[in-house]
Amino acid sequence: MSEPQARPQPQPQARPRIPTIDLRPWLSGEPEARADLARTVDEALQTAGFLLVTGHGVDPGLRAAVRQAARAFFLLPADAKAGYEAKVGGRGWLGPGAEANGYSEGTETPPDLKESLTFATHEPFEDPVVNAEWYAPNVWPAEVPELRGLCEEYLERMAELEKALLALLGYALGLEPDFFTRHMDHPTYGFNINWYPGTDVIGPPEPGQFRIGPHTDFGTVTILDRQAGKGGLQVFTDEGGWEDAPYDPDAVTINIGDLMARWTGDRWRSGRHRVLPPPADAPAEELMSLVYFGECTPGTRVESVPAPVGRVAYPPVDSHAYLREKLDSITVG
């Protein structure tokens, strides 16, 4: 009589490189759920630098209304939009050809295939030197008066979400929850509404041209509300190369930037990404992304967390001297 064969044991499932996490257990404060969430976050940020986050509480109707109002602006004639033209890092409209994000990696690429509306903190600073460089009143298009109220409400929700995320990140490193948030009392956050029209507006892409060229973000935490598309977001990992980022219409996409990677001593990686050009089989595809760039209070000294949490001890830097150098690197012309 033959021996019974052993039944194969199920293999543990590896967590996805870019997992989706539900923020509600963190907000509710149940210790075991918080600890499990923190482990998932730590693993994901070591691998890809990206997360998808549900349970964030941002009304989908608000997100849709911001897009609708912004689209009304982007469809204005070019001469009307030109009255709001700004330089990279400023407030207003960035027209076609203003940015080439691949330059931040030292790669000379054609300009990015997008237009942007860009806004930032609405509260001036006490230091006139800081004010001169990092504060200017937001420029709100008169042609679309509803945009201001919608964006200001959206930015309130983003500030609340950023604080929750940064507290989770501090906890995920085994540090006190205010390790990052205490440096965010008056941040120079930025907000870009990126419009990616089809080839009927921008013409055929040049070789090596993207809606946004390969790059990493520069600051702490980016909160991205995006749309699904063939010419959409791709994320780079050492294991998989370039891959389409997972999409969930209920989720926002979170990635950390260069300054946060430096702060964690390269325990967490700055998420390298790009946005593909309009696809050949859907050339009229149009997408719009709402991008909130979380930053520190000007003058924050960013020093790498020591080992065993951190892995590389970078020299301390002034957060905004670092950001200015990065912003200048992607400016075309």
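Our subject is the structure listed above.
### So, the environment of N101
Position of N101 among the secondary structure elements: in the loop between β3 (92–94) and β4 (115–120). Spatially, the C-alpha atoms of N101 and D248 are 25 Å apart, while their sequence positions differ by 147 residues. Among the polar contacts listed, one links the side chain of N101 to the side chain of D112, at a separation of 2.7 Å.

### A short note on the packing of aromatic side chains
With the rule as written, the count across this model stands at 12 aromatic pairs. Measuring from ring centre to ring centre gives 5.8 Å for F73 and F74, while their planes differ by 70 degrees; the resulting arrangement is edge-to-face. Residue class for F73 comes out buried when judged on its relative accessible area of 0%. Owing to a relative accessible area of 1%, F74 belongs among the buried residues under this scheme. Ring centres 5.6 Å apart and planes at 25 degrees place the aromatic pair Y189 and Y292 in the stacked group. Taken as a pair, Y189 in the loop between α7 (178–181) and β5 (190–196) and Y292 in strand β12 (residues 287–294) lie far apart in primary sequence, 103 residues in all. A relative accessible area of 10% places Y189 in the buried class. On the basis of relative accessibility, which here comes to 1%, the residue Y292 falls in the buried class. Here the aromatic residues F73, F74, Y84 and W195 are joined through ring pairs into a cluster of three or more. When the ring centre of F236 is taken as reference, the NZ or CZ atom of R272 above it lies at 5.1 Å.

### Some points on the nonpolar core
If you look at the biggest cluster of nonpolar residues, it comprises 63 residues, and the most contacted ones within it are F74, L169, F180, I193 and I223. With 14 residues, the single largest contributor to this core is helix α6 (residues 146–172). Discounting residues that sit within four places of it in the chain, I223 has contacts with M158, L161, E162, L165, V252, T253, I254, L290, V291 and Y292. Counting residues in each nonpolar core, the second largest holds 14 residues, with I18, F50, V275 and V291 among its members.

### Structural notes on the side chain of R67
Within the fold, R67 resides in helix α3 (residues 60–74). Its relative accessible area of 11% is what places R67 among the buried residues. Engagement of the side chain of R67 in a polar contact is seen with the backbone oxygen of M288, the distance being 3.0 Å. Leave out the neighbours within four places in its chain, and R67 touches D225, R226, Q227, M288, S289 and L290.

Parameters and conventions
Residues numbered from 1 in each chain as written. Predicted model: local features only at pLDDT ≥ 70, side-chain atom pairs only at ≥ 80, totals over all residues. Heavy atoms only, no water. Helix = DSSP H or I, 4+ residues; strand = E, 2+ residues; numbered from the N terminus. Polar contact = N/O pair within 3.5 Å; in protein donor to acceptor, adjacent residues only side chain to side chain. Phe/Tyr/Trp six-rings, centres within 6.5 Å; stacked < 30°, edge-to-face > 60°. Buried < 20%, exposed > 50% of the residue type's maximum accessible area, 1.4 Å probe, protein only. Lys NZ or Arg CZ within 6 Å of the ring centre and 35° of its normal. Core = buried A, V, L, I, M, F, W, Y, C linked by side-chain atoms within 4.5 Å. Contact = heavy atoms within 4.5 Å.

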